[in-house]
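Descriptive structure summary
This is what each chain is made of:
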Amino acid sequence: MVMERKENRSPQDEAARILVEFLEVAITSILFLKGIYPSGAFERRRYMNVVVQRARHPQLRDYIHSAVSGLLPFIQKGLVERVAVIFFNVDDNIPIERFIFKLAVNQSYGSKVEEAALEFSLRSFLIKLPVSETLTKALPRDCRWEITAYFRRLPDASSSKDAEVWIPTDAKQWQKPPS
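These notes cover the structure that comes with them. (Residues numbered from 1 in each chain as written. Predicted model: local features only at pLDDT ≥ 70, side-chain atom pairs only at ≥ 80, totals over all residues. Heavy atoms only, no water.)

Focus: the packing of aromatic side chains
This structure, assessed with the given rule, holds eight aromatic pairs. Note on Y63 and W145: the rings are 5.5 Å apart at their centroids and 70 degrees apart in plane angle, and the pair reads as edge-to-face. Here Y63 is found in helix 2 (residues 58-69), whereas its partner W145 is found in strand 5 (residues 144-151), with 82 residues between them in sequence. On the basis of relative accessible area, W145 is assigned to the buried category, the value being 12%. Seen from their ring centres, F74 and F151 are 5.4 Å apart, and the 70 degrees between their planes marks the pair as edge-to-face. Here the residue F74 occupies a position in helix 3 (residues 72-76), and F151 occupies one in strand 5, the gap between them amounting to 77 residues. No difference in accessibility class separates F74 from F151, as the two residues are buried. (Phe/Tyr/Trp six-rings, centres within 6.5 Å; stacked < 30°, edge-to-face > 60°. Helix = DSSP H or I, 4+ residues; strand = E, 2+ residues; numbered from the N terminus. Buried < 20%, exposed > 50% of the residue type's maximum accessible area, 1.4 Å probe, protein only.)

What follows is the structure in structure tokens.
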């Protein structure tokens, strides 16, 4: 994917890019903290001047990256309401834990997102993440997980090649975002 030079992007596009980058780091951090993979599957890195974890395994890293970067055009258009990391019990496929990121990117032309304020808020989240009590409880290693996006409305497949990679679902558990 070719990224536009920063000066050519609108404030909303820049905010969406920062959110996508953040989601990739946050999801990887959650996987590390939940103990789904051995700690050796991750390496320490810095992001926004905070020590975070990065997946060492290329397939895991690529899956997370492609899932969240694939949402960029939809986040830019304000179509994505929430992104969730859902952990399932492998025996009965019932969700056992969810981490939900509610997204709100102001689409009005007069709105200028303060990049520094956004980064400060996201950085604060990354600092608090490893000390959150709910995250210190590891899940069974044999549980399965997925990244799920909840759209405000479905993208028009006829007007966007990006929409072709997303498959709408009829499953009752996905008709409403978890509360």
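Alright, that's what it looks like, and here's the rest.
Regarding the environment of L126
If you trace the backbone, L126 turns up in helix 4 (residues 115-128). With 101 residues separating them in the primary sequence, L126 and V25 have C-alpha atoms 8.6 Å apart. Once residues within four sequence positions are removed from consideration, L126 is found in contact with F22, V25, A26, Y47, V50 and V52. (Contact = heavy atoms within 4.5 Å.)

Structural notes on the sheet that holds strand 5
Overall, antiparallel pairing links the three strands, which are arranged 4-3-5 in an open sheet. Both outer strands of the open sheet, strand 4 (95-102) and strand 5, are each paired with one neighbouring strand and no more. Here the average twist between neighbouring strands, direction ignored, is 20 degrees. (Pairing = 2+ DSSP bridges. Axes fitted to C-alpha atoms, helices over the stretch in contact; angles between N-to-C directions.)

Quick word on the side chain of T28
Looking at where T28 falls in the secondary structure, it is placed in helix 1 (residues 11-34). Residues contacting T28, with those up to four places away along its chain left out, are F42, Q53, R54, A55 and I64.

Some words on helix 2
Within an α-helix, residues lying three or four positions from one another point in the same direction, as the helix has 3.6 residues per turn. Its twelve residues place the ends of helix 2 16 Å apart at the C-alpha level, agreeing with the 16 Å of an ideal helix rising 1.5 Å per residue. All of the buried residues in helix 2 are L60, I64, A67, V68 and S69. On the buried face of helix 2, the contacting elements are helix 1, strand 1 (42-47), strand 2 (50-55), helix 3 and strand 5. (Expected span 1.5 Å × (residues − 1).)

Structural notes on the nonpolar core
With 47 residues, the main nonpolar core has I75, F87 and W145 as its most contacted residues. The element that contributes the greatest number of residues to this core is helix 1, accounting for twelve residues. (Core = buried A, V, L, I, M, F, W, Y, C linked by side-chain atoms within 4.5 Å.)

A look at unusual backbone geometry
For M48, which is not glycine, the phi dihedral falls at a positive 55 degrees. Checked against the element boundaries, M48 lands in the loop between strand 1 and strand 2. The phi torsion at N49 lies on the positive side, around 65 degrees, for a residue other than glycine. Tracing the chain through its elements places N49 in the loop between strand 1 and strand 2.

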